[in-house]
Each structure stands twice: as C-alpha cells, then as structure tokens.
Amino acid sequence: MGSQGGFGQSKEFLDLIKSIGEARSKAEEDRIVISEIEILKKRIIEPDIPKRKMKEYIMRLVYVEMLGHDASFGYIHAVKMTHDDNLHLKRTGYLAVTLFLNEDHDLIILIVNTIQKDLKSDNYLVVCAALNAVCKLINEETIPAVLPQVVDLLGHSKEAVRKKAVMALHRFHQKSPSSVNHLVSNFRKRLCDNDPGVMGSTLCPLYDLISEDVNSYKDLVVSFVSILKQVAERRLPKSYDYHQMPAPFIQIKLLKILALLGSGDKKASEQMYTIVGDIMRKSDSSSNIGNAILYECICCVSSIHPNPKVLETAAEAVAKFLKNDSHNLKYLGIDALGRLIKISSEIAEQHQLAVIDCLEDPDDTLKRKTFELLYKMTKPSNVEVIVDRMIDYMMSINDNHSKTEIASRCVELAEQFAPSNQWFIQTMNKVFEHAGDLVNIKVAHNLMRLIAEGFGEEDDTADSQLRSSAVESYLSIMGEPKLPSAFLQVICWVLGEYGTADGKYSASYITGKISDIAEAHSTDDTVKAYAVSALMKVYSFEIAAGRKVDMLPECQSFIEELLASNSTDLQQRAYELQSVVGLDARALENIMPMDASCKDIVVDRELSFLNGYVEESLNKGAQPYIPENERSGASSISNFRIEEQHGSSGHSLRFEAYELPKPSVPSRPPVPPVSSTELFPVPEPTYHREFHEAVAPKMSVSGTGSSEIKLRLDGVQKKWGKQTYSSSSPSTSDSDIHKTQNGATQRDVPSSLSSKTRDVSYDSRRQQEDINPEKQKLAASLFGGGSKTEKRSAFGQKASRPNSHTVDKSHAEKSGPSDGGAVKASPHPPPDLLDMGEPTSISNATFVDPFKQLEGLLDLNEGTTAPGSSGATKAPDFMSLYGDTSLSVQNMGTADLLSTGNGDANLISGISHAPDKNGHGTGSAVTLSTQLSKGPNTKEALEKDALVRQMGVNPTSQNPNLFKDLLG
C-alpha cells in the first residue's frame with residue numbers, strides 16, 4: 001500500500017487528502033472522489049484485510065460521505081467494526097456509523113445489541129462511545145431497549161459518563177417525551193452534581209422542560225440564581241474559562257432560564273436583579289463572548305418584571321453597542337433596543353441619532369433591522385416620517401420577499417396611526433403603485449370601506465371632500481403603465497360610486513375612463529367585472545337624477561363584447577346593464593340608491609311580507625305549516641328529502657336493502673299426467689333466461705277417490721320456434737272440453753290430434769339435433785355431472801317446461817283403449833322437496849323441479865285398474881320397470897332422451913309410464929303402498945336424491961342404472 005505517512009496512515013491516504021485540498025474546481029474534486037470510490041469498492045471486499053487497513057478504509061469512506069458522495073457499499077463494514085474488541089477500532093466504527101446512518105436506517109437493528117453490551121462495559125471510554133451512538137442512532141421504537149441502562153449510568157463514577165447519560169436522556173425526551181416523563185426528576189438531581197460539566201449538561205433539558213411548563217419549576221429560581229452567582233464569581237475551575245470569561249456558555253443558558261422563570265413574576269424577578277446587574281457591569285465588551293453575555297442580560301431584563309435601575313444599566317449597554325463601529329455590534333444594539341422599547345419608549349428617544357445613522361448605513365441587513373425597530377417605535381406623531389422612509393426603501397429594493405414585508409408594515413401602520421383619511425388614501429396609492437400585486441387583496445377592500453364610510457361622523461362635507469380627493473387622485477394615476485389588479489379594482493369601484501357625485505366630472509368622461517381601464521386590461525376578467533358594475537352605477541345615477549344618458553361608442557362596443565363572453569359572470573353583468581338602462585327613474589332609485597354601499601341590508605328571515613297571503617290561504621282551508629322539529633315518522637323533512645333524492649336520481653347508486661319477496665300461491669286446476677314416451681327433451685335457451693313463475697302439479701281429489709296429475713300450460717312461454725304463449729294461440733288446453741261428473745274431472749281429446757302431435761314432436765327433436773350439438777353434448781354429460789345451467793334449474797331458478805303439443809299428445813293417448821280405468825287418488829299430497837321440514841301443503845310451489853314432479857308421480861298410494869283385469873294389479877318391482885323401459889328408451893334414441901334441459905324429467909316420466917310385464921301400460925304412477933313391502937323405500941331414496949341434486953351434487957359416472965344405485 002505504499003510507505004507510511006504521518007499519524008500512522010498510508011501515503012495513499014495522505015495523498016488523497018492533499019489532492020482534495022488542492023482541487024481547483026468542484027468537477028476536479030468529484031473526479032478524485034469517484035476514482036477513490038472505485039478503488040475502495042475493490043479493496044474493501046478483499047479477503048483477510050488487516051484491521052489497521054480496514055480502519056483506514058472506513059476513514060476514507062468518511063471522507064467520501066463528507067464530500068457528498070455515496071459510500072453505502074461500506075456501511076456494513078463500519079457496523080462490523082463496532083463489534084471489535086479493540087478500543088480504537090470500536091470507537092472508529094461508532095464514529096463512522098453515527099456519520100453514515102440515521103435513526104431509521106435498516107442497519108440500526110444490528111447495532112442495538114452491541115450498544116447494550118457496550119453500555120455495560122467496564123471501560124468508560126467504550127461506554128462513552130456507546131452513549132454517543134445512542135444520542136444519534138436510537139429511535140423511538142428502540143428507546144425501551146436501552147433506557148434502563150442509560151438511567152443506571154446517571155450514577156456512574158466517571159463524570160464524562162454521567163454527562164453523556166444526561167445528554168442521552170435529553171435526546172430521549174426530545175424524541176418521545178412520554179417514554180421519559182417518569183424520569184424528569186433525575187434532571188433535578190443532576191443539577192446538584194459535583195462536576196460543573198454534568199450540571200451544565202442538565203441545563204439544556206431543564207430549559208426545554210421549563211419552556212413547556214414554567215410553574216412547575218418556580219422553586220428552582222433560587223438554585224439557578226445561586227449557580228449563576230458562583231459562576232460569575234469565578235468559583236469554577238479555570239478549565240471552564242473562555243477568553244477570560246468564566247463558563248460563558250453556562251451563564252448564557254442560565255440567563256435564558258431566568259428570563260423564562262421571571263416573566264410576569266415580580267417575586268421571582270426580584271431575586272434576579274442583583275446578579276443580572278452585576279454581570280452587566282462586570283462584562284468585558286472587548287471580546288465577542290463578553291458582548292454575547294451582555295446581550296443575553298439585556299434580553300433577560302426585557303423579559304422579567306421591569307426595574308428602573310436594571311433598565312438604566314441595560315440602556316447603557318445598548319448605547320455601547322450602537323456607538324461601536326462594528327456592524328455586528330450595531331445590529332445587536334438595534335435588536336436589543338427593540339426589546340427595551342416594549343417596556344419604556346423613552347429609551348429609544350435617547351438614541352435617535354444612532355438609529356438614523358443605522359437607517360442610512362449601506363449595510364442592507366442593518367437597514368432592515370433598523371426598519372423593524374422603527375416599526376416598533378411608530379406612533380401618531382412620527383407615523384408620516386417612518387412610513388415615507390419605508391416606502392422610499394421599498395422603491396429601492398428588488399427583493400419581493402422584503403418588499404412584501406415592508407408593504408404590509410406600511411399598510412398596517414397607515415391603518416393604525418393615519419393622521420387623516422387623505423393621507424391614508426395617498427399612502428395606499430403609493431403602496432399599490434410600487435408594491436403591485438404583492439399587496440394583500442384585503443388591503444384593497446379595507447381601502448374601499450374607508451372611502452365609503454368616510455370619517456365616521458355626521459360631517460357630510462368632509463366625507464364629500466374625501467371622496468372627491470380620491471376620485472381626483474385615481475384619475476391622475478390611471479395614466480401609469482403598470483398598475484396592479486387590486487388597485488384597478490379600487491379605482492373602478494370609486495369612479496363608479498363617486499365619479500359624478502360632486503358634479504365636477506360628467507358621466508361621459510367617467511364612463512370613458514372606465515372603458516379605457518377595461519380595454520387596457522382585457523385579459524383580467526375581475527377588472528372587467530368591476531368596470532361593468534361601475535358603468536351600471538354611473539348610468540343608473542344619471543337616469544335617477546333625470547338626466548339623459550348617451551352611451552359612448554366605446555362603452556357600447558365593450559358591452560357587446562361581454563354579451564358574447566365565455567364568462568357567465570361577465571355575460572350576466574352585461575345583460576343586467578342593458579336591462580337597467582331601459583328602466584325609469586323611479587325604479588332605479590329603488591334598485592341603485594345613491595351612496596348606499598355602507599347601508600346595512602335587512603334580511604327578513606321570518607318572511608313577514610307573506611303574512612297576508614298565509615292568512616288568506618288558511619281562511620280558505622289550507623293546512624297550517626308544521627315546524628320541522630314537530631314532525632315525526634315518514635312525514636319528516638329528512639325522510640322526505642331521502643325519498644325525493646332516491647326518486648329523482650334514477651341513475652345513482654342505492655344502498656338500502658331490497659324488500660323481501662312476497663310469495664304468491666295461486667290455485668290452479670288439476671293437470672293431467674304426461675306420458676314419457678311422448679315427451680321429448682327441451683333445449684336450454686341460448687338467450688338470457690326470462691324468469692316466469694313455474695307451474696307445479698297439484699292433486700285434484702274427487703269424492704270417489706280418483707285423481708289425475710296434470711300440467712297446466714296456460715301462459716307458459718314456448719322454448720322453441722317463435723316466442724309465443726299457448727294462451728295466445730289455439731291449444732289443446734283451451735280447446736279441451738272440461739266435464740265434471742261425480743266430482744271427477746275428465747278431458748275428451750280427439751284421437752286425431754295424437755298423430756299431429758307426434759309429427760311436431762319428431763320435427764322438433766330433429767331441429768334440436770341439427771341446431772344445438774353443443775347443448776346435446778352438455779346434456780349427454782348429465783349422468784356424469786350436470787352442467788351449471790342444469791344446476792341452476794335444479795335450484796329452482798327456472799325449470800324447462802314441456803311443449804303444449806306434448807301435453808296434447810299425452811291427452812290423446814289417455815283417451816285410448818289401454819288407459820280406460822280411473823285413477824284412484826292418494827289421500828296424501830306429494831311431499832315438497834323444497835320444504836325442508838315445513839308442513840306439507842297441497843298448494844302449488846313457486847318453481848318446478850323435475851325430481852319434485854317425479855315425487856308427485858310416484859307418491860300415489862293407489863292401484864291401477866285396466867280392462868280385463870280383476871281388482872288392483874300388483875305393482876311390479878320398480879327396477880324391473882326401469883329395466884323394461886330401458887329398451888323403449890333405446891328405441892327412442894339417445895339424442896331424444898338426452899337432448900337438453902329436462903333429461904331427468906323425461907326419464908322419470910318414462911319410468912312412470914313404462915308397460916308392465918303383461919304388456920299393459922300403467923298410465924300413471926304405480927302403487928307405492930305395495931312397493932314398500934318389497935325392497936327399499938323408494939320415496940325416501942328419491943327424496944335423498946332430489947335433496948342431493950338441490951345441493952349441487954350430481955352423479956359422476958354415466959351409469960344407465962343410476963336409480964338402481966340410489967335405491968339399492
């Protein structure tokens with residue numbers, strides 16, 4: 001690495017420092033530092049670097065960071081160095097870490113454990129290094145981790161450790177006062193520490209605490225005065241002297257604390273007078289630190305309860321500052337004088353010449369400070385001189401910040417101490433003219449109010465003179481090239497209100513001037529709005545006075561321009577001006593009264609002018625008005641507003657809950673059973689489902705015990721072909737002749753209708769096979785897991801209904817010779833699978849479920865009587881019926897059976913109408929009472945299957961003997 005240089009560092013490191021110091025530009029310095037960064041990135045990752053070299057690399061990284069470049073690649077190495085047992089390396093690591101990291105850095109968590117360990121070290125130098133890191137790196141979240149150890153160190157044997165522990169506790173209080181509120185008493189204890197350094201470090205946290213709550217520390221006044229007296233009498237070791245001044249920084253901090261404690265407290269202030277006076281008399285004004293103590297004494301005197309002798313001593317000290325040739329001491333003298341004149345204004349009179357000299361000094365900082373002093377010294381007798389000086393100074397500077405500050409002070413002094421309104425108006429004109437838009441808009445409003453109100457007395461002549469002078473001054477200023485917008489607004493308003501009041505200027509002259517203002521500032525809509533209002537006032541006053549109004553061409557063109565303006569405000573003002581000009585004198589006297597800008601507008605909140613109309617309406621029978629607080633219920637204003645809001649905003653979101661549906665259970669006539677061999681599946685519609693109320697089968701019980709299950713298709717929309725309703729076209733339901741004999745319902749259907757229905761059924765099936773192959777594929781997977789559409793149908797969203805033609809065909813077959821017997825009714829109605837345990841009702845359900853239809857078809861506790869048979873035929877085994885039916889199902893074709901939609905319903909209907917072993921068709925459902933005696937309970941199994949399907953669980957295999965698996 002090269003030969004060793006001074007202080008044990010390498011020559012390369014010393015050359016780096018030398019080259020940085022000799023750099024002639026920032027660019028050259030950056031080039032050197034960037035080159036050094038590249039070198040350090042390579043060197044710092046080398047294996048087995050000696051600790052001495054790593055220490056040097058860390059120091060070089062500190063130089064890189066100090067010069068404003070990023071050295072984050074070496075932060076972790078500085079953190080590792082804090083873990084070293086060597087004292088020099090540890091202190092170097094802590095120094096680098098405190099410079100590199102902040103309290104919110106991610107690497108802080110790696111240092112907390114090291115700090116906790118080092119705070120318990122026997123070597124006080126290690127403890128001091130850890131306390132330094134605590135003050136810089138510990139944040140609010142990690143304070144509890146080290147707080148107990150820091151409090152223990154307040155009693156350490158080494159004064160350096162106690163001092164740094166107090167500093168750390170003060171830092172904790174600044175970051176999180178709530179975490180150390182219970183430890184504030186430790187500061188009081190350390191104030192009595194034997195070491196002056198520990199005592200001096202305690203003054204800083206006590207100053208913060210006293211600033212927050214003075215009354216809690218009033219008892220410490222005696223202690224602070226005693227300490228200050230000991231320090232002033234040089235009882236502290238010589239090591240605390242600075243430029244032959246005994247512990248000057250401790251004195252300054254004590255004087256600040258005494259100023260807080262003695263403010264507004266005469267008793268506490270009396271204990272301070274002696275020591276403060278002695279310090280001012282003994283202070284050495286030949287050194288800066290002596291002048292600093294003297295200045296702090298003056299500040300303390302200006303804060304505590306005043307004492308004539310102490311004030312006189314302070315005034316002498318101020319005279320020393322002002323007479324000094326140093327600008328810094330003059331600055332201190334001006335600032336100190338500004339503090340003392342709050343107590344006694346006579347002190348400033350003694351230094352008038354010195355203040356004037358400072359006001360004319362070329363030093364701009366001293367001049368600004370002097371204007372601050374003059375601002376505090378202003379009174380009615382000297383306001384004109386001070387404000388004129390301020391305006392002259394404002395005209396000579398270009399700094400907008402300073403110009404704004406001076407302008408605001410001029411306005412404030414003019415409003416507070418103005419000797420006359422004329423002077424105030426002239427002063428405001430100067431401020432507006434030279435400060436421009438830097439003046440607050442409130443100043444313009446205050447100026448207009450002052451001109452309108454006048455002197456506030458009954459002297460109308462003086463008010464008229466004020467307004468006339470304002471009009472004259474504004475007419476003369478209008479020729480200036482650059483005037484601020486706020487000032488132009490004032491000019492327009494004054495010319496409109498009082499331009500023609502004294503008769504000195506004609507209306508044509510005033511309106512011409514106003515038009516010139518609007519034309520010169522055509523981009524400022526606010527100025528144009530004030531100009532239009534001013535024109536309206538001038539014309540109104542002229543018409544009200546009975547004089548003829550001739551609108552100038554430039555005014556006419558200005559108004560026409562505003563009529564087509566994009567600003568609705570300007571348009572409205574222009575239209576109002578046209579309307580007002582056309583009114584008569586009497587109307588304008590009421591609309592635009594002369595000099596009524598300051599009159600109070602009376603607002604009739606009770607609308608008393610409507611009392612006559614209200615009484616007349618009540619006499620005619622109208623309802624009396626009910627106050628809002630007396631209303632209740634739905635008629636309250638709040639509810640009415642809510643309803644009105646919901647009613648008017650049709651497109652807005654509504655967040656109230658939907659009303660519960662009201663189920664309607666209409667009664668329907670009995671529906672005949674449907675033959676499975678004549679029903680064909682209906683495909684699911686591809687368009688959006690229209691929700692219609694499904695029709696459920698209902699038992700019609702006769703006196704003789706015969707009944708039929710019939711589907712009512714009146715008003716049911718078709719699912720194929722044109723969207724029509726069966727009730728709108730001739731159908732078998734409407735053309736059937738209903739006959740009631742002995743309580744039994746019968747239907748006579750012509751047999752010729754059967755062939756027509758069969759043809760329609762066949763054509764429909766062929767059409768579905770050609771048009772909906774995807775639907776057929778989905779339906780084919782019914783036994784392996786139903787589609788989402790079928791699941792929705794199973795849940796009762798919408799069930800597919802058979803065609804009315806199919807029902808007609810079933811009716812035709814019923815009238816055949818194979819089905820001549822009457823069907824006995826079951827005394828129990830079919831169970832409702834959707835009831836879930838509710839009492840069974842014979843009323844129609846709201847929605848159709850295919851398994852519910854199956855339940856109704858099978859739950860007939862009856863026998864079937866056929867011609868040529870004796871008595872009730874014994875019901876065959878259900879699965880044997882299904883086995884025989886499977887042949888007929890195969891003959892029907894797979895596509896017909898499994899097309900879509902009602903595949904399950906068609907299959908169940910086929911089972912219920914399958915022929916028995918003797919070749920006779922059962923027609924309706926088989927007897928369930930005899931079936932209960934052989935094999936499992938079919939009803940219970942079907943109920944379970946229907947419930948499972950309602951829950952969305954379907955069979956997963958294409959098993960033709962599905963019901964055999966279900967029924968065991």
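Residues numbered from 1 in each chain as written. Predicted model: local features only at pLDDT ≥ 70, side-chain atom pairs only at ≥ 80, totals over all residues. Heavy atoms only, no water.

Caption draft 1: Focus on the confidence of the model for the protein chain. Predicted confidence across the protein chain gives a mean pLDDT of 74, with 64% of residues reaching 70 or more. Mean pLDDT across the elements of the protein chain ranges from a minimum in helix α43 (residues 894–897), with 38, to a maximum in helix α14 (residues 248–262), with 95. Contacts for the low-pLDDT stretch residues 669–708, under 50 throughout, to residues beyond four places or in other chains number 150 contacts. Contacts of residues 856–934 to residues separated by more than four positions or lying in other chains number 155 contacts, the stretch itself having pLDDT below 50. (pLDDT = per-residue confidence, 0-100. Helix = DSSP H or I, 4+ residues; strand = E, 2+ residues; numbered from the N terminus. Contact = heavy atoms within 4.5 Å.)

Caption draft 2: Representation of unusual backbone geometry. In this model, His-243 sits at a positive phi of 55°, which is unusual for a non-glycine residue. Here His-243 shows up in the loop between β1 (241–242) and β2 (245–246). Relative accessible area serves as the criterion here: at 54%, His-243 is assigned to the exposed category. A positive phi is found at Ala-247, a non-glycine position, where the angle reads about 40°. Owing to a relative accessible area of 5%, Ala-247 belongs among the buried residues under this scheme. (Buried < 20%, exposed > 50% of the residue type's maximum accessible area, 1.4 Å probe, protein only.)

Caption draft 3: Up close: the packing of helix α26 (residues 441–453) against helix α28 (residues 485–498). For the pair α26 and α28, the least separation of the axes is 9 Å and the interaxial angle reads 20°. By the angle between their axes, α26 is roughly parallel relative to α28. Between α26 and α28 lies a crossing whose hand is right-handed. Residue-level inspection shows Ile-441, Ala-444, Leu-447, Met-448, Ile-451 and Ala-452 of α26 in contact with α28, the latter providing Ala-486, Gln-489, Val-490, Trp-493, Val-494 and Tyr-498. For the contact of α26 with α28, the per-class residue count stands at eleven nonpolar, one polar and no charged. (Axes fitted to C-alpha atoms, helices over the stretch in contact; angles between N-to-C directions. Parallel < 35°, antiparallel > 145°, perpendicular 65-115°, else oblique. Left-handed = near helix turned anticlockwise from the far one by under 90°. Nonpolar A, V, L, I, M, F, W, Y, C, P; charged D, E, K, R; others polar.)

Caption draft 4: Representation of the side chain of Ser-515 in the model. Among the secondary structure elements, Ser-515 is positioned in helix α29 (residues 507–520). Under the relative-accessibility criterion, Ser-515 is labelled buried at 5%. If sequence neighbours within four positions are ignored, Ser-515 has contacts with Leu-535, Glu-554 and Cys-555.

Caption draft 5: The arrangement of the pattern of salt bridges in detail. Applying the stated criterion to the full structure yields 31 salt bridges. Residue Arg-234 pairs with Asp-241 through a salt bridge whose shortest N-O separation is 3.9 Å. Residue classification places Asp-241 among the partly exposed positions, given a relative accessible area of 24%. Ionic contacts of the salt-bridge type, sharing partners, join the residues Glu-12, Glu-36, Arg-43, Lys-53, Glu-56 and Arg-60 into one network. (Salt bridge = Lys/Arg side-chain N within 4 Å of Asp/Glu carboxyl O.)

Caption draft 6: Helix α1 (residues 11–21), seen in detail. Among all positions of α1, only Phe-13, Leu-16 and Ile-20 are buried. Along the axis of α1, the buried residues cluster in a sector spanning 55°; they form a single face. Projecting away from the buried face of α1 at angles above 90 degrees are the exposed residues Lys-18 and Gly-21. Buried residues along α1 sit against α2 (26–43) and α3 (51–66). (Arc of directions from axis to C-beta.)

Caption draft 7: The arrangement of the packing of helix α12 (residues 196–212) against α14 in detail. Where α12 meets α14, the axes come as close as 10 Å, and the angle between the chain directions of the two elements is 30°. Considered as vectors, α12 and α14 are oriented roughly parallel to each other. The crossing of α12 and α14 is left-handed. Of the residues in α14, those in contact with Pro-196, Met-199, Gly-200, Leu-203, Cys-204, Tyr-207, Ile-210 and Ser-211 of α12 are Ile-250, Lys-253, Leu-254, Lys-256, Ile-257, Leu-260 and Leu-261.

Caption draft 8: Molecular detail of a negative patch on the surface. A grouping of Asp-516, Glu-519, Glu-554 and Glu-561 is seen on the molecular surface, where their side chains present a negatively charged patch. Elements with a minimum of two residues in the negative patch: α29 and α31 (553–563). Inspection of the secondary structure puts Glu-554 in helix α31. (Patch = residues over 30% accessible without salt bridge, like charges linked within 9 Å, V, L, I, M, F, W, Y side chains within 5 Å. Areas by Shrake-Rupley, 256 points an atom, 1.4 Å probe, with all protein chains shown as cover. Lys, Arg positive; Asp, Glu negative; His and termini not counted. Charge placed at Lys NZ, Arg CZ, Asp CG, Glu CD.)

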